[in-house]
Amino acid sequence: MTPPRKRALITGITGQDGSYLAEYLVGLGYEVHGLVRRVALEQPELRLGRLRSVLSQIQIHPANLDSYASIFHVLSQQRFDECYHLAGQSFVAESFADGFSTMSTNINGTHYVLAALKELQPKCKFYFAGSSEMFGRVHETPQRETTPFQPRSPYGISKVAGYHLSANYREDFGMFCASGILFNHESPRRSFEFVTRKISAGVARIKLGLASELRLGNLEAQRDWGHARDYVRAMHLILQQPEPDDYVVATGEAHSVREFCELAFAEAGLDYRDFVKRDEAVHRPAETDLLIGDASKARLVLGWQPTVGFVGLVKELVQADLELLASTTQQNPSAVHPG
Ligand code: G4F
């Protein structure tokens, strides 16, 4: 007899990670459900675009991270084996501008999901999307699971709180709660406000003659950048372990924003020095120190490793944006590319 299909709930399913995870789990034979804000159902072309390839195979439920009642309602209607909590305000720079809403959504949203699961489905495994931003002013390099947290942004603080909430539900109530401490992970599905996509989209606009410069903040900032498709595999592996635990997920290599620019412009046959301009307005009140992850535990225990390196990642982003922009301008020559 075939075992029943596993059922997974993904919060933040419309985002970069949520959409890759949904595709991955559908491919593994899961019944996949997602929480989305009601507005997404009213504007599916705009808000559910990343889910295009699996939309007919998944189930979508309206719920709001700011509302315990809406989350409780969905969890009271459906039973799940695994819950991937990816939703939240994820743009670090925005958290400096409005720390209150970042804290409220990220901390309360996580707490609501955990509390509703405890009440209704305590056997459902829970994944929390932790972040390298939790390390902030780093105590050691590279950072691993035992490195102390010292966040430097309201976003980082909210992620530390979510991490501790998850650990508390694990320890106090015996629930299977695990966190992935994910370093930066990118793809052509990244939103345009993040620096990688801002650069690849900027390169495409310049190459196609729609812009003449790209304004960026700190070019010397370094990040450990991997591919989002690789990182959602790690999320799944984390919930397949016999015991709940926390894992750093990273490539172990750092590169600067300047290096990213150099490669990205070169991919389009351009020299970044001719186009990149410094924009003081994009500088942050505080930067993290050098964030590089040591994913030895994930490699050893989960058997996980990244398949896409820095060069491959940059090339993929630039080629995807060149194609996207070329097809958009062909269909509608007056269209202005976002970003
Ligand atoms: O692309 P970013 O905005 O990503 P950041 O702040 O590292 O955060 C991302 O990764 C975290 C770790 O996984 C996540 F937790 C978080 O949710 C998000 O996904 O900025 C990267 C670096 C920063 O040092 C920033 O100062 O690029 C620098 N930068 C330089 N010029 C810029 C720009 N960042 C942005 N967004 N825009 C610029 O023009």
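Residues numbered from 1 in each chain as written. Predicted model: local features only at pLDDT ≥ 70, side-chain atom pairs only at ≥ 80, totals over all residues. Heavy atoms only, no water.

*Asks:* Explain the overall build of the protein to me, please; I cannot follow it from the model alone.
*Replies:* Each helix and strand in the protein was counted, giving 12 helices and 13 strands. Here the C-alpha radius of gyration of the protein, 20 Å, is about what a compact globule of 339 residues would show, namely 20 Å. C-alpha atoms of the protein, sized along the principal axes, occupy 60 × 50 × 40 Å. Within the protein, the fraction of its 339 residues that count as buried is 52%. Here the contacts in the protein between residues at least 6 apart in sequence split such that 79% fall between residues at least 24 apart. Summed over all atoms, the accessible surface of the protein reaches about 15,100 Å², with 51% contributed by carbon and sulfur. Across the protein, the mean location of the 35 positive side-chain charges is 3 Å away from that of the 39 negative side-chain charges. (Helix = DSSP H or I, 4+ residues; strand = E, 2+ residues; numbered from the N terminus. Rg over C-alpha atoms; globule rule 2.2 N^0.38 Å. Buried < 20%, exposed > 50% of the residue type's maximum accessible area, 1.4 Å probe, protein only. Contact = heavy atoms within 4.5 Å. Areas by Shrake-Rupley, 256 points an atom, 1.4 Å probe, with all protein chains shown as cover. Lys, Arg positive; Asp, Glu negative; His and termini not counted. Charge placed at Lys NZ, Arg CZ, Asp CG, Glu CD.)

*Asks:* Just checking my understanding: could you explain the site of the ligand for this structure?
*Replies:* The environment of the ligand is formed by 23 residues, the closest being S90, S131, Y155, R284 and E287. Note that an oxygen atom of the ligand is positioned 2.9 Å from one of the backbone N or O atoms of V195. A domain-level breakdown of the shell around the ligand finds at least three residues from each of domain 1 (7–186 + 225–249) and domain 2 (195–223 + 254–291 + 309–331). (Near = heavy atom within 4 Å. Polar contact = N/O pair within 3.5 Å; in protein donor to acceptor, adjacent residues only side chain to side chain. Domains from an automatic or database assignment.)

*Asks:* Which parts of the structure should I look at to understand the nonpolar core?
*Replies:* The tendency in soluble globular proteins is for nonpolar side chains to be buried as a group. Counting residues in hydrophobic clusters, the biggest one holds 36 residues, and the most contacted among them are I10, V32, Y84 and Y127. Mapped by element, the contributors of at least two residues to this core are β1 (7–11), α1 (16–27), β2 (31–36), β5 (125–131), β6 (177–182), α9 (228–239), β11 (247–249) and α11 (296–302). No other element matches the 7 residues that α9 contributes to this core. If you look at the next biggest cluster of nonpolar residues, it comprises 32 residues, including L165, Y169, C177 and F183. (Core = buried A, V, L, I, M, F, W, Y, C linked by side-chain atoms within 4.5 Å.)

*Asks:* For this particular structure, what's the right way to read the pattern of salt bridges?
*Replies:* Pairing is possible between side chains of opposite charge, provided their charged atoms come close. This structure, assessed with the given rule, holds 16 salt bridges. Here E213 makes a salt bridge to R215, at a shortest N to O gap of 2.9 Å. Of the residues examined, E213 reaches a relative accessible area of 32% and is grouped as partly exposed. For D271, the salt bridge identified is with R273, shortest N-O distance 2.9 Å. We classify R273 as exposed; its relative accessible area is 61%. (Salt bridge = Lys/Arg side-chain N within 4 Å of Asp/Glu carboxyl O.)

*Asks:* How should I be thinking about empty space enclosed by the protein in this particular structure?
*Replies:* It is the rolling of a water-molecule-sized probe over the atoms that shows where space remains empty. Tallying each qualifying case throughout the model produces 1 cavity of 30 Å³ or more. Put simply, the largest cavity is a space of about 40 Å³. If you go around the largest cavity, the residues you meet are H85, A87, G88, N106, T110, F128 and K159. Along the lines of polarity and charge, the residues of the lining of the largest cavity split into 2 nonpolar, 4 polar and 1 charged. (1 Å grid on protein atoms, 1.4 Å probe; cavity = no way out; pocket = protein on both sides within 12 Å on 5 of 7 lines; lining within 4 Å. Points joined across faces, edges and corners; volume = space filled by probe spheres on them. Nonpolar A, V, L, I, M, F, W, Y, C, P; charged D, E, K, R; others polar.)

*Asks:* Explanation requested: the sheet that holds strand β3 (residues 59–62) in the structure shown.
*Replies:* Across a sheet, strands are paired by hydrogen bonds formed along the backbone, either parallel or antiparallel in direction. Read from one edge to the other, the open sheet built from 7 strands follows the order β3-β2-β1-β4-β5-β6-β11, with strand pairing classed as parallel. A single partner strand is all that each edge strand has here, and the edge strands are β3 and β11. Along the sheet, successive strands turn relative to each other by an average axial angle of 25°, direction set aside. Of the strand pairs in this sheet, β6 and β11 are connected by 3 bridges, and their pairing is parallel. (Pairing = 2+ DSSP bridges. Axes fitted to C-alpha atoms, helices over the stretch in contact; angles between N-to-C directions.)

*Asks:* It is not clear to me how the domain arrangement of the protein should be interpreted in this structure. Could you clarify?
*Replies:* How big an interface is tends to be reported as the loss of accessible area on association of its parts. On domain assignment, one finds that the protein holds domain 1 (7–186 + 225–249) and domain 2 (195–223 + 254–291 + 309–331). A C-alpha centroid distance of 27 Å is found between domain 1 and domain 2. Listed per partner, the contact involves 20 residues of domain 1 and 18 residues of domain 2. Between domain 1 and domain 2, roughly 1,600 Å² of surface is buried when both sides are summed, and carbon and sulfur atoms account for 63% of that area. On the surface where domain 1 and domain 2 come into contact, there are 2 salt bridges. Taking the shortest distance from any N to any O, the salt bridge between E316 and R229 comes out at 4.0 Å. Summed over the shared surface of domain 1 and domain 2, the number is 3 residue pairs in polar contact (both at pLDDT 80 or more). Looking at the side of domain 1 that touches domain 2, the elements with two or more residues in it are α5 (92–97) and β10 (226–227). (Buried area = accessible area lost by both parts, 1.4 Å probe.)

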